[in-house]
Every structure is written in C-alpha cells, then in structure tokens.
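Spelled out, the chains give:
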Protein chains: 2
Amino acid sequence: MTRVRVAGGGLTHFGVHPEQTSRAMFGEAGEAAIEDAGIDRTEIESVFFGNFMGELGEHQGHMGPIAAEALGIDAPATRYESACASSGVAVRQAVMNVRSGEADVVLVGGAERMNNLATADATDALAIAADDLYEVRAGMTFPGAYALMEDAYFDEYGGSREDLAHVAVKNHENALENEYAQFQAEISVEKAMDAPPVAEPIHLYDACPITDGAAAMILVSEEYAEANDLDAEVAITGTGQGSDRLALQDRDYLARTPAAEDAGDEAYADAGIDADDVDLAEVHDCFTVAEALAIEALGFFERGEGIGAARRGDTTADGDLPVNLSGGLKAKGHPVGATGASQVVEMAKLLEGTHHNAAAVPNATVGVTHNAGGTVASTAVHILEVVE
Amino acid sequence: MTRVRVAGGGLTHFGVHPEQTSRAMFGEAGEAAIEDAGIDRTEIESVFFGNFMGELGEHQGHMGPIAAEALGIDAPATRYESACASSGVAVRQAVMNVRSGEADVVLVGGAERMNNLATADATDALAIAADDLYEVRAGMTFPGAYALMEDAYFDEYGGSREDLAHVAVKNHENALENEYAQFQAEISVEKAMDAPPVAEPIHLYDACPITDGAAAMILVSEEYAEANDLDAEVAITGTGQGSDRLALQDRDYLARTPAAEDAGDEAYADAGIDADDVDLAEVHDCFTVAEALAIEALGFFERGEGIGAARRGDTTADGDLPVNLSGGLKAKGHPVGATGASQVVEMAKLLEGTHHNAAAVPNATVGVTHNAGGTVASTAVHILEVVE
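Residues numbered from 1 in each chain as written. Chains lettered and ligands numbered in written order. Predicted model: local features only at pLDDT ≥ 70, side-chain atom pairs only at ≥ 80, totals over all residues.

Caption draft 1: Region of interest: the overall build of chain A. In terms of regular secondary structure, chain A is built from 14 helices and 11 strands. Its C-alpha atoms put chain A at 55 × 45 × 40 Å along the principal axes. For chain A, with 388 residues in total, the buried portion stands at 67%. In chain A, 78% of the contacts between residues at least 6 apart in sequence involve partners at least 24 apart. (Helix = DSSP H or I, 4+ residues; strand = E, 2+ residues; numbered from the N terminus. Buried ≥ 20, exposed ≤ 12 C-beta atoms within 10 Å, placed from the backbone. Contact = placed C-beta atoms within 7 Å.)

Caption draft 2: Structural view of the nonpolar core. One finds A:Ile218, A:Leu219, B:Ile218 and B:Leu219 to be the most contacted residues of the largest nonpolar core, which totals 282 residues. Every residue in contact with B:Leu219, bar those within four places of it in the chain, is listed here: B:Val4, B:Arg5, B:Val6, B:Ala7, B:Ala94, B:Val95, B:Val98, B:Val106 and B:Val108. (Core = buried A, V, L, I, M, F, W, Y, C linked by C-beta atoms within 7 Å.)

Caption draft 3: Focus on the packing of helix α7 (residues 161-175) of chain A against helix α11 (residues 288-297) of chain A. Residues and elements named next belong to chain A. Between α7 and α11, the least distance of the axes is 8 Å, while the angle of their chain directions is 95°. Classified by the angle between their axes, α7 and α11 sit roughly perpendicular to one another. Residues Leu 164, Val 167 and Ala 168 of α7 pack against Thr 288, Val 289 and Glu 291 of α11. By residue class, the composition of the contact of α7 with α11 is four nonpolar, one polar and one charged. (Axes fitted to C-alpha atoms, helices over the stretch in contact; angles between N-to-C directions. Parallel < 35°, antiparallel > 145°, perpendicular 65-115°, else oblique. Nonpolar A, V, L, I, M, F, W, Y, C, P; charged D, E, K, R; others polar.)

Caption draft 4: The arrangement of the interface of chain A and chain B in detail. At the junction of the two partners, chain A supplies 44 residues and chain B supplies 44 residues. Listed by contribution, the elements that provide at least two residues to the side of chain A that touches chain B are α2 (54-57), α3 (63-69), β3 (77-81), α4 (86-99) and β8 (234-243) of chain A. In the side of chain A that touches chain B, the residues fall into 18 nonpolar, 16 polar and 10 charged. In this structure, β3(A) lies alongside strand β3 (residues 77-81) of chain B, joined through three bridges in antiparallel fashion. By the bridge assignment for β3(B), A:Glu81 is matched with B:Arg79. (Pairing = 2+ DSSP bridges.)

Caption draft 5: Fine view of the environment of B:Leu117. Residues and elements named next belong to chain B. The residue Leu 117 is located in the loop between β4 (105-112) and α5 (122-126) in this model. Remark: the alpha-carbon pair of Leu 117 and Leu 176, spanning 59 residues in sequence, is separated by 29 Å. Setting aside residues up to four positions removed in sequence, Leu 117 forms contacts with Leu 56, Gly 57, Ala 122 and Ala 125.

Caption draft 6: Inspection of the confidence of the model for chain A at higher detail. Summarising the model, chain A shows a mean pLDDT of 97, and 100% of its residues fall at 70 or more. Confidence estimates for the predicted assembly give a pTM of 0.97 and an ipTM of 0.96. (pLDDT = per-residue confidence, 0-100.)

Caption draft 7: Looking closely at the relation of the copies chain A and chain B. Each copy of the sequence occupies a distinct position, and chain A is placed on chain B by a rotation of 180° and an axial shift of 0.0 Å, giving an RMSD of 0.0 Å. Classification of the inter-copy transformation places it as that of a two-fold axis. Comparing contact sets, 100% of the residues at the interface of chain A also lie at the interface in chain B, consistent with an isologous, same-surface contact. (Least-squares fit on C-alpha atoms with pLDDT ≥ 70 in both.)

Caption draft 8: Molecular detail of the pairing of strand β11 (residues 378-386) of chain A. Residues and elements named next belong to chain A. Judged by how many residues are buried, β11 sits mostly within the fold: eight of nine residues are covered. Where β8 and β11 come together, nine bridges link them in antiparallel fashion. Bridge pairing in β11 links Gln 241 to Ala 380. Both strand β10 (residues 366-373) and β11 contribute to a ladder of eight bridges, which runs antiparallel.

Caption draft 9: How the structure looks around α4(A). All names here are of chain A. The terminal C-alpha atoms of α4, which comprises 14 residues, lie 20 Å apart, in line with the 20 Å expected from a rise of 1.5 Å per residue. Burial within α4 is extensive, with 13 of its 14 residues counted as buried. Backbone geometry just after α4 places Gly 101 at a positive phi near 90°. (Expected span 1.5 Å × (residues − 1).)

Caption draft 10: Quick peek at the pairing of strand β7 (residues 213-221) of chain B. All names here are of chain B. With nine of nine residues buried, β7 lies mostly within the body of the structure. Side chains of β7 alternate between two faces, with Gly 213, Ala 215, Met 217, Leu 219 and Ser 221 and Ala 214, Ala 216, Ile 218 and Val 220 buried alike. For β4 and β7, the ladder comprises eight bridges, and the chain directions are antiparallel. For Val 108, the partnering residue across the bridge sits in β7 and is Met 217.

Caption draft 11: A look at unusual backbone geometry. Residue and element names in this part refer to chain A. Note the cis peptide between Glu 200 and Pro 201, where omega equals 5°. Relative to the elements of secondary structure, Pro 201 occurs in the loop between β5 (197-199) and β6 (202-203). Positive phi, close to 50°, is recorded for His 59, a residue that is not glycine. Here His 59 is to be found in the loop between α2 and α3. Of note, Asn 324 is a non-glycine position whose phi angle comes to about 60°, a positive value. Relative to the helices and strands, Asn 324 is located in the loop between α12 (309-312) and α13 (328-332). Owing to 30 C-beta atoms within 10 Å, Asn 324 belongs among the buried residues under this scheme.

Caption draft 12: Here's a closer look at the environment of A:Gln20. All names here are of chain A. Turning to its location among the elements, Gln 20 is positioned in the loop between β1 (4-11) and α1 (22-37). Overall, Gln 20 belongs to the buried group, with 20 C-beta atoms counted inside 10 Å. Residues Gln 20 and Asn 115, spaced 95 residues apart in sequence, show a C-alpha to C-alpha distance of 9.4 Å. Filtering out sequence-adjacent residues up to four positions away, Gln 20 remains in contact with Met 25, Arg 113 and Asp 212.

Following this line, the structure appears as structure tokens:
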C-alpha cells in the first residue's frame, strides 16, 4: 500500500464574502493547490469535494461536477456531505482512493457559502446537521446543543467559563498573523467573559463565526511524488472515521465524544502511532468547549483535564502540544464544507515549515487533524507526518 | 484484490408514501437486506448511504448517521450526493472499500422522500441537480432539459416519439409482476402517444414518476462469503464513474452522454469484459430518451440505433439484450437517492434467478447497471456477474 503525500494546498481568505459563490471560491483554492503542487491539472484523476448546505445556501446540489468544472478538470467528481465534517470525510475517501491504487493524483477540498443564503438564514441552515424530527422541531440550534454539552461537562468534570475563555484567547492569538483568517484580532479573557450570551453558558467569544471560504489540496501516491520529483515531504499516514447517533437524546454521553474517540483510535492504529507521539493538533473548535472535548477524545488529556489545557499553557503556541495554531474555527473561521480540508492544508504547512506559526514548532514531525460534524455525530481524524 | 459479492438485497415498495420518512424507509429496506444476507448487523463495518434532496425534502442533512441509526448499526456512516446517481456512487465507494481490504462487510443503499417535501415541490427540488446559475434561474426544469436532449437526438440521428413510446410500453410490461413497482399497469403505444405533453417532445408516459422509496444491500468480500458459507453467487466485478459539465450549455454533445461512456469503459475494463459479453442491463430511464442514450453510451448499440431498440424487440424481455426488466425508473419508480442501489439489487436477483422476471433470462450471467445524475453529468456503472 502506497503512502499518500500532500503535494500542495490552497486556501481562500476565510471571512464574509457575500458576493462569492462556492464554485468561485473552490476555483481559487484549487488553483492555489495546483500551483503549490507544481502539477498539471490534466494529471488529476478524481475530485473529492465537501459541501454541507449548498442546497439551502445556493439552491444547488450535485456540486461534484461543478467543483471539477471550476478548475477545468475532466475527471469523476463526487460531493461528500457529513455536515461540518464534509471535507474531512472527503479527505479520507481521497486517501483511500490513492492507497487502493485507483489513482496517483487527486484533488480534494471543500467550499461553503454561508453569509448570503438562498433559502434560509445560517442558523436555520446549520440546523439540518442536527436531527430534524427530534431536535430541530423542538427548537434546538447548534449553540443550544453545545450549551447542553458544556453544561454536562461542567457537571461531570468541573471547569469554568473562564477556562474556556482561555481557549478563545489562545486561538485568536494564533490567528494574528494568519492572512487567511476571518479574525486577526487579539481578545482578552475579560472581553470573552463579558461578551453577550448566545446560549448559556456559551457567550459570543465561545462560538466560531459564520464564514465563506474554500480549501483544496493535491494528494499523490509516494511513487508519483518520487517519479515527478515533487516537493511533498508530508504524508497522511493515518485516517479514521467515527459516527454516533445524530440526536443528543440518543447518546450515551453528553460530555464525551465517542465518534471522535473511535476515529482517533482508528487513525492512530492506521499510522502505527500513539497520542503521545503527536506534536501538534488542529481540532474542531466550533465552540470553545468542543476543543476541550476534542483533545480529550484524541487521548491528549484525561477526561476533565482538557478544559484547563489552554489556561495552563499546555496547548498554547509555546506549550507541549500546540492546538489550533491556525487560529482554529474560532478565529480562522468555519466555512463548514471547507473546514476539514483546511485543517489538513494548515497542518501540512506547519509540518513542512511554511506556516506563519511554524517557527513556534520547529521540531514538529507528527500532527493530527480532527473534523467533526453536528454535535460530533460524524468525525474524521487524520495523522500527518514528515517523512523525508 | 478481493472480489465483492452481493450477499443480500432489500427494497421498499416504490410509490407514493407521503406518510414515510427516508429514515423509516431505509430501515425497512436495510432490514430486508440484512435478513436476505443472513448476517448479524454487528458484522457491518461501514454504511454508505445515498440521498439527494433531504435538505429540501425533510429539512435534514447529515443523513449518514441517521441511516446507521435506522438499522441499529454502530459503524462509520457516510452520505453520498450525486443527484440521481447518489446511491450508484455510494455502491461504487462501498465496492472500493471492500476491495481495498478496509472492510469485509458493508451496507450500502439509499432513500428518498419526494411526495411530501418540507420546503419545495418536487420539480423545484429536482432542479438543484441542474446548474442553478446557468439553467435553473433561466427557467430550466428536468423535463425541459431532457426535451432539449431528445430534440437534439431527433435532429442528429432521427427516430420518433413513437419509437420512445415503445420504451415506455416495454418498461410498464416488465413491471407488471414487480411487487415493488409504483406502476403495475399495462400501457399501449397509442396511450403513450396521446398522453398530454410535459415539455415537448416529452409527454406524460415518457417521464418517470415522483416516488418515495428505499433500497439497500449487503456487500461482502469473497473471503468473508466463503468463510461464512453465505449464499452470494453474484459478484460486482466492475465499477466505473464519469462526470460531465453540469450545465447543458457547457457540453460538447446533447445527443450523447460522455460521462456514461467513460463510466462504462472504466467498468468494462475493470471487469475485463466487453459490451458484447453483457446479457442484460438496468439503465437510468428517467425519460424514455434517456434509455436510448444509455444503451448507446454503454456500447450495446451504435449511435442512432438505440432509440429503435425497444420497438425492434432488441431490448424487450424476449430480446437479445433485455433492458430494465425491473420496469426501470419509468414504471418501477424513481426515488432519486435509492435508484442506483435498487438497480443493483434488482440485477443481482435477476442473475441469481430470484427475480419476478428471471424466467425470461435463465442463462444470463452478466448484467450492467447504469445510474445517472442530472442530465448525465454524473454516472455510475457497475458490472455484476454470476461467479459460482
């Protein structure tokens, strides 16, 4: 089985771009990825495209062929939809496609338009990631769902809103030099604490923003990279996927995310590593509590210890395990269908040393990305390693 | 590389079931598939689920976990969306998953609710399979798009509405004994010719109906089938996928479907067979002209010859190459996200001799399924063979 290399990555600016379409943004990110990889687009054998809410946002389904067309690619193209984990799942399928020998060169990514929707506002559109029959019709929104999870965490393990304010402060700090980030602005613990509530105990700075953007990358087989002398020193060495019941009411846990535990376990086993081997992580911090849940699910911290990690400095840029050096969903932004792919693009740049925050982790060789859908009903986890 | 066997299949009735949800229908089809395969559901390692318009139809995205939950399965679950080829693409990905050695037992299928939609009527909802910016906003509907293709076919190759009426008559005839079919009713060429126009030259009996339904199957590795002594004599020996530009205006051809040609070529090469080796086919006859285009794209007939095939008797149940012995989309019905999987389920039953029309093809050993999305912008083709 071949190892899959990241040959190039591209991002659009993440932000408020109501004049943009998903296809235009994916075209921009994809062009950047192709240029970064230094390949000809005719080499691309398959396109894997993540998008979540195109039906509601742009009155557009069937976006696989549109994604290929946006880049002038003539190859089979498939759209993946796993809510906020859409492009994480697309990356996983692309990795398996290359590993199986079906293709040597693929393009994978995602795009989302969220600020100028055709038939819903963003909160309504996001709600289709939850269970319509058992949650949405009862009035559940995503801030509300994560508020329940945060309350459950506080009840079970302790911790405080102030612990989570440190997560927001850290991620904003990490995004300060990220030219692709929606927010390049410092915040303080006090500012986060005093921000208006969205759904108690979640306040404004606990929540990621509504973002337009796209991300794309070129994945190639090791043989192709070597034969074509590509600059592709980072490999995706592990992939895992997990699912849980969609509705919170059907879960065994509110303050644990078994779908992420399963995906992490599978990815570690696939790569032949342990959590202890990981140098840095990009995790799905759609709300600050989600970062705490993620770093526990991935085995970096005992349950109940994740919430204090940013405050203790364990996960800051100068900590033992920097988390979300990109700025995370919180500060970089969260264009839903693009997020999973953007995490992999950022991680590859961190490991190869071309990221704005790479100087903070000069010796990092192993990174993890964690992309979650809904209230972590779907999760895709990937392990990236420097291999040469 | 292991061969992938079809261990069991299940269908709901295809028809007008406005009281049903996709999840309930998929539960019914999946239970039937699990029972047919004779396996325990805890053996299932992954769920591949096709759905097209759940966002508009049921205000529900993120249906992968719902599909698994409907069957009490704890395994990673992914939703695939390629318009009307959604579950054909899901089958392809499931086949590749088993071939790669990632899994020995998977469940794949699809479901669609189309008669009781949350936020659109069916014509509006189906339109998101076309290009919103360049087709839908200009007033294009799917009957209109296929009318353009049919006109182009008549202009380029000749043929007539009466030729196509024979396709409808044949497919209704094939569905007469199909207990899962929406229409178990004979029609005549005269009735089809005299039916009201939908979008000239397409009249009522040229168009498939609006259908609720689900389909599912269990696919297993050859090793698993043998080790567990499963009754699984049919293998999926070839898979192919093709894409084209989404909008008709961007195509090189209106009276040809290159995405199906590409998918067919890939599937034949994958199986190591030619079109000449095929004994029967289930093709995507969303409109009667689509059947003509399909059987030409798959290499069964020269261009211009496909339209007369039903009238000549080449593709009738007693012909050289029976097409759509299930009744096809035309008479069996077309619950969009379920159609590709249902074609594979019907084909497996035809080849193993358990289908209501199996007596018409006692010596058939090789079948092809052809599932198309939009105006054939996405296509999944599979080859099924009796292997023991």
